[in-house]
Amino acid sequence: MIEELGRVGTKIMIVLYKGKGRKYIAEILKEGDISPSSIYRSLSILADFGLIYYEYEYGRKFVVLTDPGKIVAEHLYKADLAIIEAKKTRLSQLKGDGR
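Here's what I pulled together on the structure shown here. Please read all numbers here as calculations on a predicted model, not as lab measurements.

About the criteria used
- Residues numbered from 1 in each chain as written.
- Predicted model: local features only at pLDDT ≥ 70, side-chain atom pairs only at ≥ 80, totals over all residues.
- Heavy atoms only, no water.
- Helix = DSSP H or I, 4+ residues; strand = E, 2+ residues; numbered from the N terminus.
- Rg over C-alpha atoms; globule rule 2.2 N^0.38 Å.
- Buried < 20%, exposed > 50% of the residue type's maximum accessible area, 1.4 Å probe, protein only.
- Pairing = 2+ DSSP bridges.
- Axes fitted to C-alpha atoms, helices over the stretch in contact; angles between N-to-C directions.
- Parallel < 35°, antiparallel > 145°, perpendicular 65-115°, else oblique.
- Contact = heavy atoms within 4.5 Å.

1. Some details on the overall build of the chain
Here comes step 1: Assigned secondary structure in the chain consists of four helices and three strands.
Here comes step 2: Ordered by position in the sequence, the α and β elements of the chain form the string α-β-α-α-β-β-α.
Here comes step 3: For 99 residues, the compact-globule estimate of 2.2 N^0.38 gives 13 Å, and the chain exceeds it by more than 25% at 16 Å.
Here comes step 4: Each of the three principal axes of the chain carries a C-alpha extent, and together these read 55 × 25 × 25 Å.
Here comes step 5: Buried residues in the chain amount to 30% of all 99 residues.

Spelled out as structure tokens, the structure:
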């Protein structure tokens with residue numbers, strides 16, 4: 001299933017997690033550096049999996065994490081941080097080794 005989320009779906013989940021589980025689409029596009037042409041397909045997939053739903057408020061369409069979505073988003077966020085840290089560590093090692 002995770003392959004079906006893709007890069008854009010993963011970015012959406014991480015942006016929503018950082019934003020306390022609720023953002024409107026323009027915020028997701030900006031904060032996730034996502035192109036408008038790719039976001040709607042990914043949102044559809046996330047909704048089909050029950051990871052997000054929509055709320056309408058103040059004339060805006062908000063994307064909200066479901067309870068299962070919050071769990072998935074937290075894991076994706078932590079995995080992203082672990083990868084960033086591993087990359088930093090590896091780059092530091094390479095600089096120290098002189099390779």
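So that's the structure; there's more coming.
2. Quick notes on the pairing of strand β2 (residues 52-57)
In summary, the side chains of a regular strand alternate between the two faces of the sheet.
Here comes step 1: Pairing of β2 with strand β3 (residues 60-65) involves six bridges; the strand directions are antiparallel. Within the sheet, the bridge partner assigned to I52 lies in β3 and is L65.
Here comes step 2: The loop that links β2 with its antiparallel partner β3 comprises two residues; one of these, Y58, has a positive phi angle of about 55°.

3. Things to note about unusual backbone geometry
Here comes step 1: Here K20, not a glycine, exhibits a phi torsion of approximately 65°, which is positive.
Here comes step 2: Topologically, K20 is positioned in the loop between α1 (2-18) and β1 (22-24).
Here comes step 3: Residue classification places K20 among the exposed positions, given a relative accessible area of 78%.
Here comes step 4: A positive phi angle, near 50°, is found at D33, a position not held by glycine.
Here comes step 5: Inspection of the secondary structure puts D33 in the loop between α2 (25-32) and α3 (36-48).
Here comes step 6: Accessibility expressed as a relative area gives 64% for D33, which makes it exposed.

4. Comments concerning the packing of α1 against α2
Here comes step 1: Contact pair α1 / α2: the axes reach a minimum separation of 10 Å and the direction vectors enclose 105°. Here α1 lies roughly perpendicular to α2, going by the angle between them. Packed against α1, whose contacting residues are K11, I12, V15 and L16, the element α2 presents I28, E31 and G32 at the interface.

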